[in-house]
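# Summary of structural features
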Protein chains: 2
Amino acid sequence: MEKNSTYFGVKEIARRANVSIATVDRVIHNRTGVSEKTKKKINEIIKELDYQPNILASRLASKNIIILAVLIPRVSEETDFWEVPLRGIQRADAEIKQYGIQTIPYFFDLSDKDSFVTQARLILERGVHGVMLSPSFIEQARNFTEECQKLKIPYVFIDSNIPEQRSLSYIGPHLLKSGYVGAKLLTYRMKSNKKVLVVNISKEIENYNYLQIEEGFRSYFNDNQMGNEIVRIDIKETDYLSVAKHMTSVLHDHTDIEAIFVTNSRVFTVATFLKNKNKNNISLIGYDFIKENIQYLNEGIIDFLICHKPEEQAYRAVMALYQTLVMGGSVDNIQYMPIDIITKENYEFYQN
Amino acid sequence: MEKNSTYFGVKEIARRANVSIATVDRVIHNRTGVSEKTKKKINEIIKELDYQPNILASRLASKNIIILAVLIPRVSEETDFWEVPLRGIQRADAEIKQYGIQTIPYFFDLSDKDSFVTQARLILERGVHGVMLSPSFIEQARNFTEECQKLKIPYVFIDSNIPEQRSLSYIGPHLLKSGYVGAKLLTYRMKSNKKVLVVNISKEIENYNYLQIEEGFRSYFNDNQMGNEIVRIDIKETDYLSVAKHMTSVLHDHTDIEAIFVTNSRVFTVATFLKNKNKNNISLIGYDFIKENIQYLNEGIIDFLICHKPEEQAYRAVMALYQTLVMGGSVDNIQYMPIDIITKENYEFYQN
DNA sequence: ACTAATTTCGGGTACGTACCCGTAAATATA
DNA sequence: TATATTTACGGGTACGTACCCGAAATTAGT
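Residues numbered from 1 in each chain as written. Chains lettered and ligands numbered in written order. Predicted model: local features only at pLDDT ≥ 70, side-chain atom pairs only at ≥ 80, totals over all residues. Heavy atoms only, no water.

Going by what an unreviewed UniProt entry lists, chain A is known as Transcriptional regulator, LacI family and is assigned to Dyadobacter koreensis.

### As for the interface of chain A and chain B
Threshold: Two residues form a contact once any of their heavy atoms are found within 4.5 Å. Accessible area, probed at 1.4 Å, shrinks when two parts are joined; the buried area is that loss added up over both. Every case where a carboxyl oxygen of Asp or Glu lies within 4 Å of a side-chain nitrogen of Lys or Arg is listed as a salt bridge.
Tallying the contact residues gives 41 residues for chain A and 41 residues for chain B. With both sides pooled, the region where chain A packs onto chain B buries about 3,900 Å², and carbon together with sulfur makes up 57% of that total. Connecting chain A to chain B are four salt bridges. A salt bridge links Lys184 of chain A to Glu345 of chain B; its shortest N-O distance comes to 3.3 Å.

### Quick look at the packing of helix α10 (residues 240–253) of chain B against helix α11 (residues 267–276) of chain B
All names here are of chain B. Heads up, the condition is: Every axis in this analysis is a line fitted to C-alpha atoms, fitted for helices over the stretch in contact. Angles between the N-to-C directions lie between 0 and 180 degrees. A run of DSSP states H or I qualifies as a helix once it reaches four residues; a run of E qualifies as a strand once it reaches two. Both are numbered from the N-terminal end. Any angle from 65 to 115 degrees is called roughly perpendicular, while one under 35 is roughly parallel, one over 145 is roughly antiparallel, and all others are oblique. Helix crossings get a hand from a simple test, with the near helix turned counterclockwise from the far one by less than a right angle marking a left-handed crossing and a clockwise turn marking a right-handed one. Each residue is assigned to one of three groups, with Ala, Val, Leu, Ile, Met, Phe, Trp, Tyr, Cys and Pro labelled nonpolar, Asp, Glu, Lys and Arg labelled charged, and all others, Gly among them, labelled polar.
Orientation of α10 relative to α11, taken along the N-to-C sense of each, is 60°, at an axis distance of 9 Å. Put simply, α10 runs oblique to α11. As for the relative orientation of α10 and α11, their crossing is right-handed in sense. Contacts between α10 and α11 involve Tyr240, Val243, Ala244, Met247, Thr248 and Leu251 from the first element and Thr269, Val270, Thr272, Phe273 and Asn276 from the second. Tallied by class, the residues present in the contact of α10 with α11 amount to seven nonpolar, four polar and no charged.

### Here we look at the protein's contact with DNA strand C
Put simply, the test is: Note on definitions. A residue lies near a molecule or strand when any single heavy atom of the residue is within 4 Å of it. A 3.5 Å cut-off defines polar contacts: any pair of N or O atoms within that distance qualifies, except that in protein one atom must be a possible hydrogen donor and the other a possible acceptor, and neighbouring residues in sequence count only when both atoms are side-chain atoms.
Within the structure, DNA strand C sits among 29 residues, and Tyr7 and His29 of chain A together with Ser20, Thr23 and Arg26 of chain B are positioned closest to it. Near the protein, within 4 Å, the atoms of DNA strand C are sugar or phosphate in 65% of cases. Between a phosphate oxygen of DNA strand C and a side-chain N or O atom of Thr38 of chain B, the distance comes to 2.7 Å. Ala61 of chain B is positioned with one of its backbone polar atoms (N or O) 3.5 Å from a base oxygen of DNA strand C. Listing elements by their share of the surface near DNA strand C, those giving two or more residues are α1 (10–17), α2 (21–28) and α4 (55–61) of chain A together with α2 (21–28) and α4 (55–61) of chain B. Looking at the surface near DNA strand C, its residues break down into 14 nonpolar, 11 polar and four charged.

Here it is in structure tokens:
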């Protein structure tokens, strides 16, 4: 069957306005070389006809390649977590490349602030149409996004937010609520009101994410007037030996800890420790659907994983830029990701 | 920046084969009117250049509107569950309509097999390029999909599968595993080895879905050698009074039931009953993220909801047909949906 | 050998937009 | 008033494909 015969495009607007399609094109794209009178007339007709541009024709005709920069941590031997958002970026790229959009990744080292600054500068020098970034270093990310603001380059945050920056969107978890959920999950496994241990394993100590998650975790205990004492340790060296040393020490000092909550994806190093020490009576909860964690989940060492769909975050972030730059569509300023609960029984169908 | 200068399209193939673009077009689309010799030569060049059609140009040029039929239950006063997949269909339609694809819904009455048969016949009479359907009536669905097979119309199942039919894809839950997860969740709430009640609420008794879910539920108890007795009731009238009557009777006969598992989205009627009778000591688990269930989850009457993203199922089903009919891409034959665990703490971010 | 029918193939247009180059009209300057 | 410059606008092509209509070549029948 034939196409919709009530579609009105540039030609019809030109016909009704008694101008050429080139003139209409200039108005649509806010180019110069049109008198105010003519512009007004064309805009009225655009509104009246509710003109919807044909994106196929538009992108086919356009010689302009749209560049999106992606600024995320490099996959390292510490954790392969960032492989997952990279897959989301690749999936989005496969979908939108046909529209003449190119996504270029810029990787920084999570333990090197300067690498973030360097990559950010490369992006600004290159000149891009949009940016998606994980603001792992808040101060440096703020500086960079202020620069983007000046250049009118839209940017999207994933993984964590900087609320006071005027991003196009934040696509990531509500970290407080995530910690809250972690606490609730712990209650399913606890049999008494013994101590609970919160573990932060990160070289970056005052990390915004972990602080938020822990705050949410603690507020659950407060809200529900639970008498458990919450012990907290920060482990600045992320290698196994260091984690084992700290864990041995804290479990020696607090023999009545019956549950452990790790605030990030490094829960697998604590799992390794508990397995090595045959501590089967301690419940363990942590974050992220990466293969080390899945293995311990399956073995029953980790009871729950909490996941925020990092692949989907990155995919949606790229698509949000596409939506605003190509489709001219609006985008929600905050898209909180679901707080997914993964167990031994349901993990095999989980999709990041 | 300029477009990729190494792209080879129909024109270059025509140039190299010493034929016109019309001849190349006939080969690409397997139309008649090309000699075998010429066809062979063109296909060799297509292979050599690894020709990737430009979908923008292709769909812009094509006058052919692709019709996708969607055959799902009508939203009824019994349950508004099917509003959710409808949103997924609408979301997919918004994305692909610009490619000249039209999705047309055909609704049937879940309590009337003949309405399914009628709508199926309308689809066949109309002539369509692809079908997405919920095979709620297995025999009738089988007859319909065999007809589609004969006419080489690809079809995709959502919500449940008919494995022996050669569908393009099944996009839905692994029902056995879903029941299994339900059983495990129940163990988080149970304090003893008392009785467990499984409730089926449906006019359609031998429903494939419920049977599979219950089988999975029971197999968890078997696998873990749990001594709980499992009581089962089928409630054929779905109105509240009927459910209340059955529940009153079964709880009277088995005063030591401490947990209830409802195999579909009608868990809210059991929740209403428990609330009305002030039975706070009984744990309750059921299915689907619909507003009645969310309300009881928030009140703590329902402990967990298990959800299979029905909106996403429908969205992916339509996109699978698009992928195969327009993009010529391959599609996984089975895409199991995640088995999502929803609690009072994480429900507010859940996305169907 | 001639005519009719069929097959193979090509020319050209359409799809809807982006945008380059050129022209006419308006404005500024000498 | 004449000339130079600037502004407003239009003609036409490109993007890459789908496909309609017509011509030439081939094949079949008398």
